[in-house]
Amino acid sequence: MTKDPSNYRQETALVRGGLQRSPNRETSEALFLNSGYVFDDAAQAEAAFKGENDNYIYSRYGNPTVTMFQERLAALEGAEACYATATGMAAVFASLACQLNAGDRVVSSRAVFGSCHIIVDQILPRWGIETVFVDGTNLDEWQAALSKPTHAVFLESPSNPMLDLVDIAAVSEMAHAAGACVIVDNVFATPLYQRPLELGADIVVYSATKHIDGQGRCLGGAVLADAAFMTERFMPFYRHTGPALSPFNAWIMLKALETLSVRVERQCDNSLDLARFLLAQPKVTKVCHPGLESHPQAELARRQMSGFGNLVTFEVEGGKAAAFRIADALRLIDISNNLGDTKSLICHPATTTHSRLSEEERSQLGISPGVLRISVGLEHLDDLKEDLERALAALP
Ligand SMILES: *Cc1c(COP(=O)(O)O)cnc(C)c1O
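Everything quoted here is computed from the prediction, not taken from an experiment.

When you go through the protein chain residue by residue, the secondary structure sums to 17 helices and twelve strands. Along the first, second and third principal axes, the C-alpha set of the protein chain runs to 75 × 50 × 35 Å. Among the 396 residues that make up the protein chain, the fraction classed as buried is 55%. Within the protein chain, residue pairs in contact and separated by at least 24 positions form 74% of the contacts whose partners lie at least 6 positions apart.

With five of five residues buried, strand β2 (residues 105–109) is to be regarded as a mostly interior element. Bridging between β2 and strand β3 (residues 130–134) involves five bridges; their strand directions are parallel. Counterpart to arginine 105 in the pairing with β3 is glutamate 130. Taking the sense of rotation as the criterion, the β-α-β connection linking β2, helix α5 (residues 114–126) and β3 turns out right-handed. Sheet topology note: the β2/strand β4 (residues 152–156) ladder contains three bridges and is parallel.

Turning next to the site of the ligand. Surveying the vicinity of the ligand reveals 13 residues, the closest of which are Gly88, Asp185, Ser207, Thr209 and Lys210. Interatomic distance of 2.8 Å between a side-chain N/O atom of serine 207 and an oxygen atom of the ligand. In the environment of the ligand, an oxygen atom lies 2.6 Å from a nitrogen or oxygen atom belonging to the side chain of threonine 209. Put simply, the parts of the chain that give the shell around the ligand at least two residues each are α4 (88–97) and α10 (209–213).

Relative to the assigned elements, asparagine 249 resides in helix α12 (residues 247–257). Discounting residues that sit within four places of it in the chain, asparagine 249 has contacts with Cys218 and Leu219.

On domain assignment, one finds that the protein chain holds domain 1 (5–257) and domain 2 (260–392). Look at where the C-alpha atoms of domain 1 and domain 2 centre, and you get two points 27 Å apart. Contact residues are listed per partner, giving 39 residues for domain 1 and 41 residues for domain 2. Of the roughly 3200 Å² buried where domain 1 meets domain 2, counting both sides, 60% is carbon and sulfur surface. Inspection of the domain 1/domain 2 interface yields one salt bridge. A salt bridge links arginine 303 to aspartate 167, with the nearest nitrogen and oxygen atoms 3.6 Å apart. The interface formed by domain 1 and domain 2 includes 17 residue pairs in polar contact (both at pLDDT 80 or more). Where the side of domain 1 that touches domain 2 is concerned, the elements lending two or more residues are α1 (10–16), α5, α7 (168–177), α8 (190–193), α10 and α12.

Criteria and cut-off values
Residues numbered from 1 in each chain as written. Predicted model: local features only at pLDDT ≥ 70, side-chain atom pairs only at ≥ 80, totals over all residues. Heavy atoms only, no water. Helix = DSSP H or I, 4+ residues; strand = E, 2+ residues; numbered from the N terminus. Buried < 20%, exposed > 50% of the residue type's maximum accessible area, 1.4 Å probe, protein only. Contact = heavy atoms within 4.5 Å. Pairing = 2+ DSSP bridges. Right-handed = clockwise from strand over helix to strand, strands pointing away. Near = heavy atom within 4 Å. Polar contact = N/O pair within 3.5 Å; in protein donor to acceptor, adjacent residues only side chain to side chain. Domains from an automatic or database assignment. Buried area = accessible area lost by both parts, 1.4 Å probe. Salt bridge = Lys/Arg side-chain N within 4 Å of Asp/Glu carboxyl O.

Next up, the structure:
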């Protein structure tokens, strides 16, 4: 990039950040679909392997298209460094595994994405790491858990699927006092509406599969943090364990970032409207959306987010049978566990994304059998409302 992107506003960074034109002077970002690189002479190869020049070595380490995606995302996030990964889960796992040792301690909020829960609950303990879950909304529980030296704190806010919030600034302060590195899974808020690094977190992770691609095409992820951490701790782990993003997927993600703000703004507007619409339906017993005045953490939402995301979770009376009836009666909104897509998607968390949890764990998280989660897309709001109205009318 010839101009310094750091002064540009987010919308500009999304279109221009990280742009590196080849000598062909192409308008749009080029796709470098190559695994390896050649050197002018043996001495240049030697210097590259010693880290004395910035030649590319191998696409598991780095690739020009992937670099453009990483730099664009870093400019958007206001982070010093970014590494792109093949999936969101590779980003989450690498952010933890690159820095943890046997005997270390991790504290995590309980309401995290299903596979993140499995990493903390089942995989890390196999390597002698002590892991503790807390109710992320309860600062007393965080304080108690962080009264012992801790190495990493992992949290998601808003959480899936009940859209509970964690006070990122308060938890980061407690975590730092306990010596912990704070990792925030920022998928639900998107980089547009919540800036964990400014709130005190140390690392931000994304599933780029969600809003960043947002068009149901490919998987991807990213880890963002300060340059020292990324170079010293993250880079060696990334290079040698191989979670790199494919250049082709990076190119799709890079182009997808250009429209991110336009898509997500509309999706978020639609979701808040739909949340208000659901609130007025007699068969709906509960509506969760951080933008609603009735959200138990509405004040925190306004303090730490500048937008409220495109998800709305609601509960219908009649439990699982009623929830299934609604999902099956919808003609426009598809049944799918994905989210952030331009197409509106509905899922029944208790029998899908959270089916591996015990009944007790689900009830701790508020995921009752009547709960449905909608990821609101870009369809016309009236078509979405009519679809839901018809589905709700199918209830006895
Ligand atoms: C989807 C998701 C992930 C995992 O990302 P993948 O790209 O599916 O591997 C992690 N965290 C959250 C909050 C997600 O929604």
